[in-house]
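# Notes for the structure review
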Amino acid sequence: MAAGYLDILRARHAARLLTGTLVGRLPNGTAHIAIVLFTRAEGGSYTLAGALAAAYGLATAVGQPLLGRAVDLYGQPRVQLPAAVLSALGMALLAVSGLGSLPLAYVAVVLAGVATPPLEGGLRALWPSVLKREDQVHRAYAMDAVAQEIMFTVGPLLVTVLVSLWSPAAALLVINAIGVLGALSVVLSEPSRAWRSAPREAHWLGALRSPGLLALLGAFFFVGLALGSITVAGVAYADDHGRESVYGWLMAALGLGALIGGLAYGARQWAGPPERRLRVIVGLLALGYLPLTLTPSVPVMAALAALAGVFLAPAIACSFLVVDRHAPRGTVTEAFSWLVTTFGVGAAAGTAVAGPAVELGSTAWSFGVAGVGGVLALVVLLATGRVLAAPVRTPAVVAGSENDRNGAVEPGFSTGRKA
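So, here's what we can say about the structure. Being a predicted model, the structure only gives us computed values, none of them experimental.

Quick notes on the rules
Residues numbered from 1 in each chain as written. Predicted model: local features only at pLDDT ≥ 70, side-chain atom pairs only at ≥ 80, totals over all residues. Heavy atoms only, no water. Helix = DSSP H or I, 4+ residues; strand = E, 2+ residues; numbered from the N terminus. Buried < 20%, exposed > 50% of the residue type's maximum accessible area, 1.4 Å probe, protein only. Contact = heavy atoms within 4.5 Å. Areas by Shrake-Rupley, 256 points an atom, 1.4 Å probe, with all protein chains shown as cover. Axes fitted to C-alpha atoms, helices over the stretch in contact; angles between N-to-C directions. Parallel < 35°, antiparallel > 145°, perpendicular 65-115°, else oblique. Left-handed = near helix turned anticlockwise from the far one by under 90°. Nonpolar A, V, L, I, M, F, W, Y, C, P; charged D, E, K, R; others polar. Expected span 1.5 Å × (residues − 1). Arc of directions from axis to C-beta. Salt bridge = Lys/Arg side-chain N within 4 Å of Asp/Glu carboxyl O. Patch = residues over 30% accessible without salt bridge, like charges linked within 9 Å, V, L, I, M, F, W, Y side chains within 5 Å. 1 Å grid on protein atoms, 1.4 Å probe; cavity = no way out; pocket = protein on both sides within 12 Å on 5 of 7 lines; lining within 4 Å. Points joined across faces, edges and corners; volume = space filled by probe spheres on them. Core = buried A, V, L, I, M, F, W, Y, C linked by side-chain atoms within 4.5 Å.

### Quick notes on the overall build of the protein chain
On a plain count of helices and strands, the protein chain comes out with 18 helices and zero strands. Going through the 419 residues of the protein chain one by one, you find that 54% of them count as buried. Across the protein chain, contacts joining residues at least 24 apart in sequence account for 81% of those joining residues at least 6 apart. For the protein chain, the accessible surface area stands at approximately 16900 Å², while carbon and sulfur atoms represent 69% of it.

### Section: the packing of helix 8 (residues 134-165) against helix 15 (residues 312-326)
Running from N to C, helix 8 and helix 15 cross one another at 135 degrees; their axes reach a closest spacing of 8 Å. With respect to helix 15, the axis of helix 8 lies oblique. Relative to helix 15, the crossing made by helix 8 is right-handed. Taken together, the residues of helix 15 that come into contact with helix 8 (itself represented by His138, Tyr141, Ala142, Asp144, Ala145, Gln148 and Glu149) are Leu312, Ala313, Ile316, Ala317, Phe320, Leu321 and Asp324. Taken together, the residues of the contact of helix 8 with helix 15 sort by class into nine nonpolar, two polar and three charged.

### Side note on the environment of methionine 301
Tracing the chain through its elements places methionine 301 in helix 14 (residues 298-309). Expressed as a C-alpha distance, the spacing of methionine 301 and proline 291, which sit 10 residues apart in the sequence, is 9.0 Å. If we skip the residues at most four places from it in the chain, methionine 301 touches Tyr237, Leu250, Leu292, Thr295, Pro296 and Phe367.

### Here we look at helix 5 (residues 77-97)
Because an α-helix completes one turn every 3.6 residues, residues spaced three or four positions apart along the sequence face the same direction. Here helix 5 spans 30 Å end to end across 21 residues, near enough to the 30 Å set by a 1.5 Å rise per residue. All of the buried residues in helix 5 are Val79, Gln80, Ala83, Ala84, Ser87, Ala88, Gly90, Met91, Leu94 and Ala95. Seen along its axis, helix 5 keeps its buried residues to an arc of 150 degrees; they face one direction. Along helix 5, exposed side chains directed more than 90 degrees from the buried face belong to Arg78, Leu89 and Val96. Within two residues after helix 5, glycine 98 carries a phi angle of roughly 70 degrees, on the positive side.

### Things to note about the pattern of salt bridges
Inspection of the entire model under this criterion finds four salt bridges. Across the pair glutamate 120 and arginine 25 runs a salt bridge whose closest N-O atoms are separated by 3.2 Å. Placement of the pair is glutamate 120 in helix 7 (residues 119-131) and arginine 25 in the loop between helix 2 (14-24) and helix 3 (26-41), with a sequence separation of 95 residues. What makes arginine 25 buried here is its relative accessible area of 6%. Between glutamate 275 and arginine 325 there is a salt bridge, with its nearest N and O atoms 2.8 Å apart. Linking glutamate 275 in helix 13 (residues 274-289) with arginine 325 in helix 15, this pair joins segments that are 50 residues apart in sequence.

### Quick notes on the environment of glycine 113
Mapped onto the secondary structure, glycine 113 falls in helix 6 (residues 102-114). Since its relative accessible area comes to 0%, glycine 113 is described here as buried. Glycine 113 sits 25 residues away from alanine 88 along the chain, and the two C-alpha atoms are 9.6 Å apart. Once residues within four sequence positions are removed from consideration, glycine 113 is found in contact with Tyr56, Ala59 and Thr60.

### What about a nonpolar patch on the surface?
On the surface, a nonpolar cluster with roughly 480 Å² of combined accessible area is contributed by Val280, Leu284, Leu287, Leu290, Val375 and Val379. Only helix 13 and helix 17 (363-383) provide two or more residues apiece to the nonpolar patch. The leading source of residues in the nonpolar patch is helix 13, at three residues. The exposure class of leucine 284 is partly exposed, given its relative accessible area of 34%.

### Looking at empty space enclosed by the protein
Applying the stated criterion to the full structure yields four cavities of 30 Å³ or more. Contributions of two or more residues to the lining of the largest cavity are made by helix 3, helix 4 (46-74), helix 5, helix 7 and helix 9 (168-187). A per-class count over the lining of the largest cavity returns nine nonpolar, eight polar and two charged. Lining the second largest cavity are Ile230, Gly234, Leu250, Met251, Leu254, Leu292, Met301, Ala305 and Phe367. Broken down by secondary-structure element, the contributors of at least two residues to the lining of the second largest cavity are helix 11 (211-240), helix 12 (245-266) and helix 14. Sort the elements by how many residues they give to the lining of the second largest cavity and helix 12 lands first, with three residues. In the lining of the second largest cavity, the residues fall into eight nonpolar, one polar and no charged.

### With respect to the nonpolar core
Among the nonpolar cores identified, the biggest contains 106 residues, and Trp127, Phe220 and Tyr289 are the most heavily contacted of them. The element that contributes the greatest number of residues to this core is helix 11, accounting for 13 residues. Among residues more than four places away in sequence, those in contact with phenylalanine 220 are Leu278, Ala315, Ile316, Ser319, Leu339, Thr342 and Phe343. Judged by nonpolar contacts, the second largest core, of five residues, contains Ala84, Ala88, Val180 and Ala183.

### What to know about helix 15
The end-to-end C-alpha distance of helix 15, which contains 15 residues, comes to 21 Å, matching closely the 21 Å that a straight helix rising 1.5 Å per residue would cover. In terms of burial, helix 15 is a largely internal element, 14 of the 15 residues being buried.

Right, here's the structure in full:
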């Protein structure tokens, strides 16, 4: 298992691109907790903290596909780095101005969110031209999904350390400065500078004109809803058991399961179309969420959380392959950015639904939201099976790689090498 991942990291530019992207995405991965801690330290209420975090999240959801389209049109360095700097300036404005003027605080978080660079989609657009071989790209997608779990675990810990050593304002400044350095590392790399999107058909819908991509986005809205509801349900479960630490254990177990599942998924080669495989994985993901409604003792619940997480990273990794097959030519970064946005909006909806589920019913009801989300994701994939079975991408018609300045073709498994 480890040998395959080491082969990827040994490939030229691979380790730098993966590390730079993760570091560059650190501000986005920690923004919600950093905003909440900063607001509370400034004397703001939990309601205000939640509103500012929600404003940031919605702004990010709007900005990602727009910036992704800009990357496809103008290249990575001309978009990613200015966006990272602008986003960092937005957070710096919040840290310096505080909550003395609430309209200014909202402007700051909205600016930071809208300008969040689409590094995640940009990396996935680069993998095929960097690694060349189809099996390596498959494994890189799985490694990418696993690395996300690590970032979302380590990032909040880093924020809390910075808050304890200095202050919430300092944490905002340091995290975003680190993020700019990560983006800089990516855009200065040779693959990022050389990458060119394929010629695209002028269409106002961009990537959204692909029926298969729309089907995938519909399914992953519900996957995001399931995951978002678990974050709220976990808090309610911890409250029921009278220990705040229980929440940390549940989230750690969920992340551990995703880590194990992602590593196992990427360790082998898979036959058959990814769309069919994705239906199976999402079905297993939904099946893993359902036992959480039993809300048993803490040790058993932690084990169930780990089991529920096993199929999350494989589902995300497999979705990357489906996006790559269904994104219209010249829209690959935008398409990946839409997946990020849809997943995030679904997660926000999940947190919004799970709260009332706890208050109107019970903790089990809030975990039931996750189960329903998983089932609905599977239903969407099954209902759109014919659409997903007909990817819009065709074999490359131009020799060369998208990393080749003399011939830009859509990045994909059949285009990463000379014909």
